[in-house]
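Letter by letter, the chains look like this.
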Amino acid sequence: MNTNPSREPGLSFRLDATWLSGILRADQIRRDTLLSLAVAWSTDEGREDLTLQLDALAEAMQSPRDGELDNLLDAIEGAAAIDDAETRIDLAAALRLRDELDAVIAVLGRFNPTAVARPVLLSKVPAQERGAA
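Since the structure is predicted, the reported quantities are computational estimates derived from the model, not experimental observations.

J.: How should unusual backbone geometry be read in this particular structure?
T.: If you check the backbone angles, Trp19 has positive phi at about 60° while not being a glycine. Locating Trp19 in the fold gives a position in the loop between strand S1 (11-15) and strand S2 (22-26). In this structure Trp19 comes out as partly exposed when scored by relative accessible area, which is 45%. Look at Ala81: it is not a glycine, yet its phi comes out positive at around 50°. Turning to its location among the elements, Ala81 is positioned in the loop between helix H3 (68-79) and helix H4 (91-108). Ala81 sits in the exposed class, given a relative accessible area of 55%.

Okay, structure coming up:
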């Protein structure tokens, strides 16, 4: 198993064990999803609706048709009032994540450094003098 080198592994980027892909971990999204499920489950009506939707998903898992799983997952998200998979990050976390992602990109691009080269930012290019023809 690959250990996560991040100071804050609950919201982090890291390499997988093969160094062939990166992994984004965002525990807050999973936590929010489970809390939404628990809130929906706490009412009789919500529990009944979730049970029906989960049973339909379990049945479809045997031999799913094209697009069926997405529709069933959407129904479960609707029954549990699950929000979009988003989490807010402050500047310190954004900078840390950028550093972690840069490290992942450097390894993923080791065989194609041209593809991962950062473009020159326009703000770093000296402005041309006005009126020069």
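J.: Would you mind going over helix H2 (residues 44-60) with me for this structure?
T.: Two residues of an α-helix separated by three or four positions point the same way, owing to the 3.6 residues in each turn. Spanning 17 residues, H2 covers 24 Å between terminal C-alpha atoms, matching the ideal 24 Å at 1.5 Å per step. Those residues of H2 that fall on the buried side of the exposure criterion are Gly46, Leu50, Gln53, Leu57 and Ala60. Along the axis of H2, the buried positions cluster into a sector of 90°, meaning they face one direction only. Those residues of H2 that are exposed and angled more than 90 degrees off the buried face are Asp44, Glu48, Leu52 and Glu59. Looking at the buried positions of H2, the neighbouring elements they touch are helix H1 (27-41) and H3.

Definitions and cut-offs
Residues numbered from 1 in each chain as written. Predicted model: local features only at pLDDT ≥ 70, side-chain atom pairs only at ≥ 80, totals over all residues. Heavy atoms only, no water. Helix = DSSP H or I, 4+ residues; strand = E, 2+ residues; numbered from the N terminus. Buried < 20%, exposed > 50% of the residue type's maximum accessible area, 1.4 Å probe, protein only. Expected span 1.5 Å × (residues − 1). Arc of directions from axis to C-beta. Contact = heavy atoms within 4.5 Å.

Remember, this is a structural readout, not a statement about activity or role.
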